[in-house]
Amino acid sequence: NAGVTQTPKFRILKIGQSMTLQCAQDMNHNYMYWYRQDPGMGLKLIYYSVGAGITDKGEVPNGYNVSRSTTEDFPLRLELAAPSQTSVYFCASSYSNRGQPDSSPLHFGNGTRLTVT
Amino acid sequence: KQEVTQIPAALSVPEGENLVLNCSFTDSAIYNLQWFRQDPGKGLTSLLLIQSSQREQTSGRLNASLDKSSGRSTLYIAASQPGDSATYLCAVYSGRRALTFGSGTRLQVQP
C-alpha cells in the first residue's frame, strides 16, 4: 500500500514550457486535491475532484488544468509555465461516503518541487 | 472567507518541556479541524482530526482541543522530544471546497 505517489520529485522548467505533475493513490479514495505551498505560507488549493470525471476549481486555479479519468489518478497540467508557478506542489486524497469529506483525514504525497526560470 | 492563523510562527524549546501550539480561525461554522505535521522536504502527515461536535482528541503525547465558538484550537505536546521537531499546521474544513490551512508553527526541540 503505497498511499499517495507523486512524480517527479523535482523539476526545472523554462518560462513558457508545459508539463504534467502525476499523482496516483491506491487507497480507493474518492476525493483528490492539488495544493501548492509557497515558502513560509500555508497550502492553497488549486483544483479538487470528488470522483472520477468530476473536477472543480479551488482558490488558485489559473494557469493549471486537471483531469480525473480514473479513481486512482489525478494529474495536474501546467501550460505556459511562469515564474509565479515556482512552488512545491502536493497531491492529497481522502474518503467520504456522506457527500462531504468531513470525517476522513487527508493523505498527502511527498510533493513535487517545481522551479520556473 | 475563512482565514486560519497560527501563533507562534516558530518555537524553540528544550527537550522534555510541555508546549502548546495555537490555531485560530475566523469562521466558526466548521465541520472539522485537523492538525498536521510536516518534516522538511516531505508531505504532510495527519496527526489529529477533531469533528465540530467534539472538544478534544488525543493520540499518545498529543492532545488537540477545539473551541468552535471562540474560533480556537490548541495542540498540546507533552514531554517534547527532538524527534518532534517539524512544522505543525492546522487546517479547517468549512464545507466550501476543501481545507483552509494556516501557515504553520516551526518547532525545534533542543536535545
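Residues numbered from 1 in each chain as written. Chains lettered and ligands numbered in written order. Predicted model: local features only at pLDDT ≥ 70, side-chain atom pairs only at ≥ 80, totals over all residues. Heavy atoms only, no water.

Undergrad: Looking at this structure, how should I read the sheet that holds strand S1 (residues 4–7) of chain A?
TA: Hydrogen bonds between backbone groups are what pair the strands of a sheet, and the pairing can be parallel or antiparallel. Residue and element names in this part refer to chain A. Strands sit in the order S1-S3-S8-S7 across an open sheet of four strands; the sheet is antiparallel. Only two strands of the sheet have a single partner each, and these edge strands are S1 and strand S7 (64–66). Averaged over all pairs of adjacent strands, the angle between their axes in this sheet comes to 20 degrees, without regard to strand direction. Summarising the sheet, strand S3 (residues 19–25) and strand S8 (residues 76–78) pair through three bridges and their orientation is antiparallel. Opposite Thr20, over in S8, you have Arg77 as the bridge partner. (Pairing = 2+ DSSP bridges. Helix = DSSP H or I, 4+ residues; strand = E, 2+ residues; numbered from the N terminus. Axes fitted to C-alpha atoms, helices over the stretch in contact; angles between N-to-C directions.)

Undergrad: Is there a simple way to explain the environment of B:Leu99 in this structure?
TA: With respect to the helices and strands, the residue B:Leu99 is situated in strand S10 (residues 99–101). In this structure the C-alpha to C-alpha distance between B:Leu99 and B:Asn32, which are 67 residues apart in sequence, comes to 9.2 Å. In this view, B:Leu99 contacts A:Tyr35, A:Leu106, B:Asn32, B:Gln34, B:Phe36, B:Ala91, B:Val92 and B:Tyr93; residues no more than four positions away in its chain are not counted. (Contact = heavy atoms within 4.5 Å.)

Undergrad: Before we go on, may I ask you to explain the interface of chain B and chain A in this structure?
TA: A common way to state how big an interface is: give the accessible area lost once the parts meet. Contacts between the two partners involve 22 residues from chain B and, on the opposite side, 23 residues from chain A. In total, about 1700 Å² of surface goes out of reach between chain B and chain A, with carbon and sulfur atoms giving 54% of it. Viewed at the interface, chain A and chain B are joined by one salt bridge. Across the salt bridge formed by B:Lys1 and A:Glu59, the nearest N and O atoms sit 3.7 Å from each other. At the junction of chain B and chain A, the tally comes to four residue pairs in polar contact (both at pLDDT 80 or more). Where the side of chain B that touches chain A is concerned, the elements lending two or more residues are strand S4 (32–38), strand S5 (44–51), strand S9 (86–93) and S10 of chain B. Taken together, the residues of the side of chain B that touches chain A sort by class into nine nonpolar, 10 polar and three charged. (Buried area = accessible area lost by both parts, 1.4 Å probe. Salt bridge = Lys/Arg side-chain N within 4 Å of Asp/Glu carboxyl O. Polar contact = N/O pair within 3.5 Å; in protein donor to acceptor, adjacent residues only side chain to side chain. Nonpolar A, V, L, I, M, F, W, Y, C, P; charged D, E, K, R; others polar.)

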